[in-house]
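The chain contents come next:
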Amino acid sequence: MYSDRSQASPPRPIACFGAVHWDIIAHADRPILRDTSTPAHLDQKPGGVATNVARVLARLGVPATLVGVTGADPAAATIRAQLERDGVEPRLLERSGQATGQYLALHDPDGGLTAACIDDKVLTSASPDFFIETAHQMPDDALWFFDANLPVAVLEELTILAPRAALVADAVSVAKAHRLEGILSKLELLLLNHAEAAALLNAPPDTPAQNLSADLLNRGVRAVVITSGGEPLHMRSAGRVLDLTPPPASVVDVTGAGDALIAGTLAGLAREYALDVSLQFGQKAAVETLQASGAVADTLTWSAICSD
């Protein structure tokens, strides 16, 4: 078992800034085809990267605050109630006349993601003012996590306020990774997949991960983690390069696995573990999530991911 430093002191709190969505997840019972309907089981749950990360952090015993934007609608009320049951502190701006963000994902029987769409205008059209005001209320010792669902103006304002050496970000998607371009030098840790890293750097899609991570460090990021599905996770920080093979998993649903990786890693960092050890916690959290339906697995606990 890993040496549990959390016995000496409680984990640092973590403030999660970003997407708050209502997820609609379809699990098809046969491969999904274009131009026709496919029988499937549909599930609806709270989602969004920052939301998923905050919920998993709470399950892992880390004080988590979620800062985001919703509509003033039934979906927002349901999400808030779920967050409170999970032990997450919700700091949510409800925008009248707007719909809470929605994410639609279509999964084949093997759990793979065939397609996904998102409507997050409630967030992308939001003013930075609410985020700035709320950021001033975060504990001085908090780690801050951003996702690239946030508008560029919000990201830039928040990086000015973030505590020194305490800012972690996730690129979210190929379409949104570029939003982080102007704040790379402010990031203590950046997590993204191979396609997102290539898009962020305007590099060819087949550029090796080690080249992408080196370029990101040259642009000011202190540490980089690049994932490639079931391939080894690639980490680079000053003077260190490491590839970590993920544990085996029986995939039920890929939804939220990347977010669980982030949350497990943050849970380790909040307890003052080194990044390489924290990433192993993150990989175990991702496996628990892959083997369950939905973005937050009921089996996720700190004791479950910090044991050998």
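Residues numbered from 1 in each chain as written. Predicted model: local features only at pLDDT ≥ 70, side-chain atom pairs only at ≥ 80, totals over all residues. Heavy atoms only, no water.

**Student:** Mind showing me how you'd approach the confidence of the model for the protein here?
**Tutor:** When pLDDT drops low, the exact placement of atoms in the prediction is not to be read closely. In this model, the protein carries a mean pLDDT of 92, and residues with pLDDT of at least 70 account for 96%. Low confidence marks residues 1–7, where pLDDT is under 50. Its contacts with residues over four positions away, or in another chain, come to 19 contacts. (pLDDT = per-residue confidence, 0-100. Contact = heavy atoms within 4.5 Å.)

**Student:** Even after reading the chapter, I still don't get the sheet that holds strand E2 (residues 21–28), so can you show me in this structure?
**Tutor:** Within the open sheet, the four strands sit side by side as E3-E2-E6-E7. Their pairing is mixed. Looking at strand neighbours, the two that pair on one side only are strand E3 (40–47) and strand E7 (113–119), the edges of this open sheet. Across the sheet, the axes of successive neighbouring strands diverge by a mean angle of 15°, strand direction being ignored. As paired elements, E2 and strand E6 (residues 101–107) share seven bridges and run parallel to each other. In the sheet register, Trp 22 faces E6, and the bridge partner there is Gln 102. Here helix H1 (residues 49–59) sits on the sheet and contacts E2 and E3; the angle it forms with E3, its principal contact strand, is near 80°. Relative to E2, helix H2 (residues 74–86) is tilted by about 90°, and along the sheet it contacts E2 and E3. (Pairing = 2+ DSSP bridges. Helix = DSSP H or I, 4+ residues; strand = E, 2+ residues; numbered from the N terminus. Axes fitted to C-alpha atoms, helices over the stretch in contact; angles between N-to-C directions.)

**Student:** What exactly am I supposed to notice about the pattern of salt bridges here?
**Tutor:** A side chain of one charge can pair with a side chain of the opposite charge if their charged atoms are brought near each other. One pass over the structure, following the stated rule, counts ten salt bridges. With a closest N to O distance of 3.3 Å, Lys 45 and Asp 43 form a salt bridge. When its relative accessible area of 29% is taken as the criterion, Lys 45 is described as partly exposed. With relative accessibility at 21%, the residue Asp 43 sits in the partly exposed group. Here Arg 240 and Asp 276 are joined by a salt bridge, their closest N and O atoms 3.0 Å apart. Pair noted here: Arg 240 is in strand E13 (residues 240–244) and Asp 276 is in helix H9 (residues 275–290), with a separation of 36 residues, a long-range link. (Salt bridge = Lys/Arg side-chain N within 4 Å of Asp/Glu carboxyl O. Buried < 20%, exposed > 50% of the residue type's maximum accessible area, 1.4 Å probe, protein only.)

**Student:** What exactly am I supposed to notice about H9 here?
**Tutor:** An α-helical turn contains 3.6 residues, so any two residues separated by three or four positions project in the same direction. The end-to-end C-alpha distance of H9 is 22 Å, a good match for the 22 Å that 16 residues give at a rise of 1.5 Å each. The buried fraction of H9 amounts to 13 of the 16 residues, a majority that puts the element mostly inside the structure. (Expected span 1.5 Å × (residues − 1).)

**Student:** Even after reading the chapter, I still don't get the packing of aromatic side chains, so can you show me in this structure?
**Tutor:** Both the distance between ring centres and the angle between the ring planes are used here to describe each pair of aromatic rings. Scanning the entire structure with this criterion turns up seven aromatic pairs. With a centroid separation of 5.5 Å and an interplanar angle of 70°, the aromatic rings of Phe 130 and Phe 131 are classed as edge-to-face. Ring plane angle 70° and centroid distance 4.9 Å describe the contact between Phe 281 and Trp 302, whose orientation is recorded as edge-to-face. With Phe 281 in helix H9 and Trp 302 in helix H10 (residues 302–305), this residue pair connects regions lying 21 residues apart in the sequence. By relative accessible area, Phe 281 is classed as buried at 0%. A relative accessible area of 10% places Trp 302 in the buried class. (Phe/Tyr/Trp six-rings, centres within 6.5 Å; stacked < 30°, edge-to-face > 60°.)

**Student:** In this structure, what is going on with the nonpolar core? I would like to understand it.
**Tutor:** Generally speaking, soluble globular proteins have nonpolar side chains that are buried together. Membership of the largest hydrophobic core comes to 52 residues, with the highest contact counts inside it found for Ile 14, Cys 16, Val 53, Leu 57, Leu 66, Phe 145 and Leu 266. Setting aside anything within four residues of it in sequence, one finds Val 53 in contact with Cys 16, Phe 145, Asp 259, Ile 262, Ala 263 and Leu 266. The next biggest cluster of nonpolar side chains, apart from the first, holds 39 residues, and it includes Ala 142, Val 154, Leu 190 and Ile 226. (Core = buried A, V, L, I, M, F, W, Y, C linked by side-chain atoms within 4.5 Å.)

**Student:** What is the right way to look at the packing of H1 against H2 in this model?
**Tutor:** Each pair of packed helices gets described by two things: the angle between the helix axes and the distance between those axes. Direction vectors running N to C along H1 and H2 enclose 25°, while the axes themselves pass 9 Å from each other. With respect to H2, the axis of H1 lies roughly parallel. Here H1 contributes Thr 51, Arg 55 and Ala 58 to the contact with H2, which in turn contributes Gln 82, Leu 83 and Asp 86. A breakdown of the residues in the contact of H1 with H2 according to their chemical character gives two nonpolar, two polar and two charged. (Parallel < 35°, antiparallel > 145°, perpendicular 65-115°, else oblique. Nonpolar A, V, L, I, M, F, W, Y, C, P; charged D, E, K, R; others polar.)

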